[in-house]
2 protein chains.
Amino acid sequence: MTSTTSFTAQDTAFVRDFQTMSAFGATANGGVDRQAASHPDGEQRHWLTGLLEARGLTVRFDRVGNQWGLYEAVPGAPYVVVGSHMDSQPTAGRYDGAYGVLAAAHAAFRLVERWNAPGAEAPKFNIAVVNWFNEEGSRFKPSMMGSSVYTGKLPLDTALATTDAAGISVQDALDDIACRGSFDGPEPAYCAEIHIEQGRSMEREGITIGLVSSNWAANKYEFVVHGEQAHTGSTIIADRRDALLGASMLVVAAREIANRFPGVLHTSVGQLNVYPNSPVVVPSRVNLLLDLRSADEAVLAQADALLHERIAEIETLANVSVEQHHSHSWPVTPYQPEGVELAAKVAADLRLSNKKVMTLAGHDSTNMKDIVPTVMLFVPSVDGISHNEHEYTKDEDIVAGLAMLTEVVNRLCNGALEV
Amino acid sequence: MTSTTSFTAQDTAFVRDFQTMSAFGATANGGVDRQAASHPDGEQRHWLTGLLEARGLTVRFDRVGNQWGLYEAVPGAPYVVVGSHMDSQPTAGRYDGAYGVLAAAHAAFRLVERWNAPGAEAPKFNIAVVNWFNEEGSRFKPSMMGSSVYTGKLPLDTALATTDAAGISVQDALDDIACRGSFDGPEPAYCAEIHIEQGRSMEREGITIGLVSSNWAANKYEFVVHGEQAHTGSTIIADRRDALLGASMLVVAAREIANRFPGVLHTSVGQLNVYPNSPVVVPSRVNLLLDLRSADEAVLAQADALLHERIAEIETLANVSVEQHHSHSWPVTPYQPEGVELAAKVAADLRLSNKKVMTLAGHDSTNMKDIVPTVMLFVPSVDGISHNEHEYTKDEDIVAGLAMLTEVVNRLCNGALEV
C-alpha cells in the first residue's frame, strides 16, 4: 500500500468507500465474485443507493436494471452521464468497473458540494451517476447489456428474456434483487467513464492518466463443432467424428493466427462446452466462443480469412462440421477528438502525466460514444493484470483518477464542449 | 427390422420385453437417457423386479445398489452370476448393457422352466441374474462401480460417498429411487455376460457370436491444466497463460499419438471442463480425462512416454503447468481359457458362427473374471455404432445371443467347468 499522507479528507473517504464496496462478493483470494444480478451484485447496488441518497442524489432503476443517481442542478437540462459497472466476472478483481462507478459518485459529490457553495455559479447540465447492468456478460450474454439497451442497440424485451446457464431470465434475476424499475433513463448530453487500463502500457511508461482515443476492432464468433457420439474405447480412430478434437484444433489455430501478427492481433477462446462430456463417449458437439481483436482493421480481415481457411481444413482433418452460429463485430471507432482534447487540457492543468491510448477491451462508453460526445479515461493496472483476483491499482492512482474525472465532468457540466 | 417368422414364442416374448425396457428414459431420436440412479433408471429397475418376481426369482438390492434376481435350485450352493447393467450414458443406445441384463433374465427363465419340468435333473449351482449399478460412470465416477464394490476393488463407503456434478451422493441417489438394500450379494461360482460388440469386426466378418478372450489394456489419466485468468481483450499474447490452449494442445496430441500406431492404439478425451468459462476471460484451469487403450502393452507404454514428452513441450508452448491428478490403468488380462473353450463348444453345438475377440471397452465381467471363471460373449453391432442413440443390433442376433447365453449358463450351472 502507498502512503496516503498527501490525501485530502475527501480522498481518504473515497479510498475507504472503495474498501467497503470491495467486501460485496469478496473472495478468499482478495478478489470479488459479483456476476450480474447475483445476490452480491444486488447487495452492492442497494449499498450504492444509500451512498448516493445520503449525498442528495435521487436513485432510480430503469427497465433493464441500470442504476441511476440523478442530481438536477438545472431543472429540465440534459445530463452528463458518468459511471461504469459494478458486476464482475466469476472470480474477478476489485477494480474493474467498480472503481469507475465509485469515482463517478464521488465526482458528483464534489461537484454538488461546489454548486451548493455560497455564490457558486449554476452548471449548464445536470449530472447522472450510472451503474450499468451486466457489462461483463459472463452470466447473461451479450456483455454491455445495460448500455446497449439504453443506447437503443439491443431491444429491451430481448435483454429481459435472456437466460443464464440455469435458465433464469434477466427479468427474474433483476426482480429477485429488486433492481428492475420503470425509469427510462435521463436525457444524455455527454458521457464520461474512468476505468483501469487492464494492460501494462501506462504502468511501463509511468503514465497516470490514459486518454482513450479509440477502441480496437473485434470479431466475435460462436462456433458449434458437430461430430458423432461413439464409444471412446471400442470405436476405431478412422470411424471417429470427434467434436472436441475439431474444437481443440480451432483453439490452437486461433493462437497460431495471433502468432502471425505479433503484438497487433489478440485471439482468444474463453468459453467452451462439451456434449455429452462423459469420460467414455467421443463428444458429438462442442460450442465455443472465439474472438479476434486488433487496432488494425486490415489485420482483422486477414485474421478472419485465415481462420475460415483453417476451419475448412479442420473439418476434413477431424471429420467434423463447424457451424458459425452467431457472429458479432465492431470496427475501430474513435472517441470524439474534442473530448480527448478536453481531457488532455484537464490533465495538463492538474499536472498529471498522460498519453493517448486505445482500449482493447469493450466498455459501456463504447456504446455511449455513439450517441453523445464521450470522454474515456484510464488509470494504470499493476502488471496489467485483469479479470483476475490479483488485479490491482495503487491508491495514489485511483485518487488521481478521481481528481481527473471530477474536473472533466465539471467542465462538461459547464458546457466546455458546447459549440 | 428382420423377419421374426422363425422365432419361438419365447424368442418373441424376449424381443417384446426388450422393446418395453427401451421405453424407460427413451429419447426422441430412438435412444435412451438412463444415467445411474436417475429416475428412468429407477423406474426400469422396479420394472425388472416385477419381471423377475413373476417368474419365481427373489429380488434383492445390495448395499451399493446392484440388483439381484436369485433362484435357488440347490439349497446352499453358490451361484452362477449372469447379467450386465441397465444404466446408460446421457444420450445412449438401447442395447448397451440393457440387452445383457434382459438376456440374463430370460436365460434364467428358460433354465428355471427346464429344472422344474417333470423328471429334470437338478443343477449343481444356483443362478443369480444381476443388474450392476453404474457401469457407465458418466454421472458418478468411476465406471463399473457396482461390480468393483462386489469384487472388493472399491470400498463400499467410497462408492456411496461419491457425488455427481450437482453434489448428490450415490447413497442419496440410490435412496431416492429406493434401490439401496442391505444384501451383500450371493456367493459366486462362475460368471457370464453378454453384450453388444460396440465395434464392427464381427459384423464385417459375418460372425454372430464373439468369444471374448481378453481385454485391451488401458491407461486413464485425469489432467488439470493450470494457467492464469486474464482479460481476453486487453492482455497481450506474450503475457497469457491460457489453460484452454494447453488443454487443446493435449487433445490434439492424444490424436497425433494414436495416428503413430494405426489401428492398435485408441486415444480419447471425452470430458473437458473449463474454468471460469466466461467469454472474456482467459481460462485459468481446465480439467480433462484422457485415455489410451491398446491390445499391446508395449504400444501402451510407448504411447504413455510420448504423451508425457508432449506434455512437457505443451507446458512451455502454452506457458501452463499440467498436473496429473489421478491415473488408473489396467493390463491386458485374459478371460479364463476354459471358459472361452466352453463357449466355443456351445456355439459349435448351436451352429452359431463365432470367433475369438478382444474387448476394447471395459465391462463388469472384467471385474468378475478376477474372482471367478467368467465367460464373456458378444453379438454384432450394426456399423459398430455405440454410445450413440443410433446403436443397433438385429433382432435375429439378440435372439441368437440369448440362446447362446442360455446354454453357456446351463452348462456352468451343471458344473461344466468343475475340475
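Provided above is the structure to which this section pertains.
Described in the following lines is the structure provided in the data block. (Residues numbered from 1 in each chain as written. Chains lettered and ligands numbered in written order. Predicted model: local features only at pLDDT ≥ 70, side-chain atom pairs only at ≥ 80, totals over all residues.)

### Section: the overall build of chain A
The helix and strand tally for chain A stands at twelve helices and 14 strands. Radius of gyration (C-alpha) of chain A: 23 Å, near the 22 Å computed for a compact globule of 419 residues. C-alpha atoms of chain A, sized along the principal axes, occupy 85 × 45 × 40 Å. Here the analysis covers contacts within chain A between residues at least 6 apart in sequence; of these, 77% occur between residues at least 24 apart. (Helix = DSSP H or I, 4+ residues; strand = E, 2+ residues; numbered from the N terminus. Rg over C-alpha atoms; globule rule 2.2 N^0.38 Å. Contact = placed C-beta atoms within 7 Å.)

### Topic: the sheet that holds strand β1 (residues 58–61) of chain B
Residues and elements named next belong to chain B. If you trace the eight strands from one edge of the open sheet to the other, you get β1-β2-β4-β3-β5-β14-β6-β13, paired in mixed fashion. The open sheet has two edge strands, β1 and β13 (354–359), and neither has a second partner. Direction aside, the axes of adjacent strands within the sheet are offset by 25° on average. Taken together, the two bridges between strand β6 (residues 209–215) and strand β14 (residues 374–379) define a ladder with antiparallel strand orientation. By the bridge assignment, L211 is partnered in β14 with L377. Sitting on the sheet, helix α3 (residues 98–115) is in contact with β2 (67–71), β3 (79–85), β4 (126–132) and β5 (188–196), with an inclination near 145° to β3. (Pairing = 2+ DSSP bridges. Axes fitted to C-alpha atoms, helices over the stretch in contact; angles between N-to-C directions.)

### A short note on the relation of the copies chain A and chain B
Taken as rigid bodies, chain A and chain B are interconverted by a rotation of 180° and an axial shift of 0.0 Å, the fit giving an RMSD of 0.0 Å. On this basis, the relationship between the two copies can be described by a two-fold rotation axis. It is A:S248 whose C-alpha, among those of chain A, lies nearest the rotation axis, at 2.2 Å. In this assembly the copies share their binding face: 98% of the residues contributing to the interface of chain A also contribute to that of chain B. (Least-squares fit on C-alpha atoms with pLDDT ≥ 70 in both.)

### Some points on the interface of chain A and chain B
Frequently, the measure chosen for interface size is the accessible area that the parts lose on association. With 53 residues of chain A in contact, the opposing surface of chain B contributes 53 residues. Sorting the residues of the side of chain A that touches chain B by element identifies β8 (230–231), α8 (243–259), β9 (266–275), β10 (281–282) and β11 (285–294) of chain A as the ones contributing at least two each. When residues in the side of chain A that touches chain B are grouped by element, the largest group, eight residues, is from α8(A). Across the side of chain A that touches chain B, the residue classes break down as 22 nonpolar, 25 polar and six charged. (Nonpolar A, V, L, I, M, F, W, Y, C, P; charged D, E, K, R; others polar.)

### Overview of the nonpolar core
Counting residues in each nonpolar core, the largest one holds 88 residues, and the members touching the most others are A:V80, A:L377, A:L405 and A:V409. Beyond its immediate sequence surroundings of up to four residues, A:L405 is in contact with A:A103, A:A104, A:A107, A:A192, A:I194 and A:L377. In this structure, B:V59, B:V101, B:F133 and B:I398 belong to the second largest nonpolar core, which totals 85 residues. (Core = buried A, V, L, I, M, F, W, Y, C linked by C-beta atoms within 7 Å. Buried ≥ 20, exposed ≤ 12 C-beta atoms within 10 Å, placed from the backbone.)

### Concerning helix α10 (residues 337–349) of chain B
Residue and element names in this part refer to chain B. Counted at 1.5 Å a residue, the expected span for α10 with its 13 residues is 18 Å, and the 18 Å between its end C-alpha atoms agrees. Within the span of α10, buried status applies to G339, L342, A343, V346 and A347. Projected down its long axis, α10 carries its buried residues within an arc of 135°, all on one side. For α10, the exposed residues set more than 90 degrees away from the buried face come down to P337, A348 and D349. Where α10 is buried, its residues touch β6, β13, β14 and α12 (395–413). Count one or two residues on from α10 and you reach R351, which has phi positive near 55°. (Expected span 1.5 Å × (residues − 1). Arc of directions from axis to C-beta.)

### Considerations on the sheet that holds strand β1 (residues 58–61) of chain A
All names here are of chain A. Read from one edge of the open sheet, eight strands run β1-β2-β4-β3-β5-β14-β6-β13, paired in mixed fashion. Both outer strands of the open sheet, β1 and β13 (354–359), are each paired with one neighbouring strand and no more. Shown here is a sheet whose adjacent strand axes are inclined to one another by a mean of 25°, direction ignored. As paired strands, β1 and strand β2 (residues 67–71) are joined by four bridges and run antiparallel to one another. Residue pairing for β2: R60 is matched across the bridge by W68. Contacting β3 (79–85), β4 (126–132), β5 (188–196), β6 (209–215) and β14 (374–379), helix α12 (residues 395–413) runs over the sheet at an angle of about 170° to β14.

### Side note on the packing of α8(A) against helix α9 (residues 297–317) of chain A
Between two packed helices, the angle of one axis relative to the other and the distance separating the axes together describe the packing. All names here are of chain A. Two elements in contact, α8 and α9, have axes separated by 10 Å at closest approach and are oriented at 150°. Taken as axis vectors, α8 and α9 run roughly antiparallel relative to one another. Here the hand of the crossing between α8 and α9 comes out right-handed. Here α8 contributes G246, M249, L250, A253 and I257 to the contact with α9, which in turn contributes A303, L306, L307, R310, I311, I314 and L317. The residue makeup of the contact of α8 with α9, split by class, is ten nonpolar, one polar and one charged. (Parallel < 35°, antiparallel > 145°, perpendicular 65-115°, else oblique. Left-handed = near helix turned anticlockwise from the far one by under 90°.)

### So, the pairing of β11(A)
Residues in a regular strand project their side chains so that they alternate between the two faces of the sheet. All names here are of chain A. Along β11, nine of the ten residues are buried, which leaves the element largely enclosed by surrounding structure. Pairing of strand β7 (residues 217–226) with β11 involves ten bridges; the strand directions are antiparallel. Its bridge partner lying in β11, H226 is registered against R285. With nine bridges connecting them, β9 and β11 associate as antiparallel partners. Residue pairing for β11: H266 is matched across the bridge by R293.

### Describing the packing of α10(B) against α12(B)
Residue and element names in this part refer to chain B. At their nearest, the axes of α10 and α12 sit 10 Å apart, and the two run at 125° to each other. As summarised for this structure, α10 and α12 are arranged oblique, according to the angle between their axes. α12 is crossed by α10, and the crossing has right-handed handedness. Note on element contacts: α12 touches α10 through M404, E407, V408 and R411, opposite L342, A343, V346 and A347. Residue composition of the contact of α10 with α12, by class: six nonpolar, no polar and two charged.

### Here we look at unusual backbone geometry
All names here are of chain A. Going from K141 to P142, the amide bond is cis rather than trans, its omega being 0°. With respect to the secondary-structure elements, P142 resides in the loop between β4 and α4 (145–150). Although it is not a glycine, D383 sits at a positive phi angle of roughly 60°. Inspection of the secondary structure puts D383 in the loop between β14 and α12. The class for D383 is partly exposed, based on 13 C-beta atoms found within 10 Å.

### Notes on the environment of A:Q336
Residue and element names in this part refer to chain A. Checked against the element boundaries, Q336 lands in the loop between β12 (321–330) and α10 (337–349). Accessibility expressed as a C-beta count within 10 Å gives 17 for Q336, which makes it partly exposed. Sequence separation between Q336 and G146 is 190 residues, and the spatial gap between their C-alpha atoms is 22 Å.

### A short note on the environment of A:G50
Structurally, the position occupied by A:G50 is in helix α2 (residues 39–54). Along the chain, A:G50 and A:S143 lie 93 residues apart, while their C-alpha atoms are 27 Å from each other.

### With respect to the environment of A:P142
Residues and elements named next belong to chain A. Under the C-beta neighbour-count criterion, P142 is labelled partly exposed, with 18 such atoms within 10 Å. On a C-alpha basis, the gap between P142 and I385 in space is 23 Å, while along the polypeptide they are 243 residues apart. In contact with P142, other than residues within four places in its own chain, are G137 and S148.

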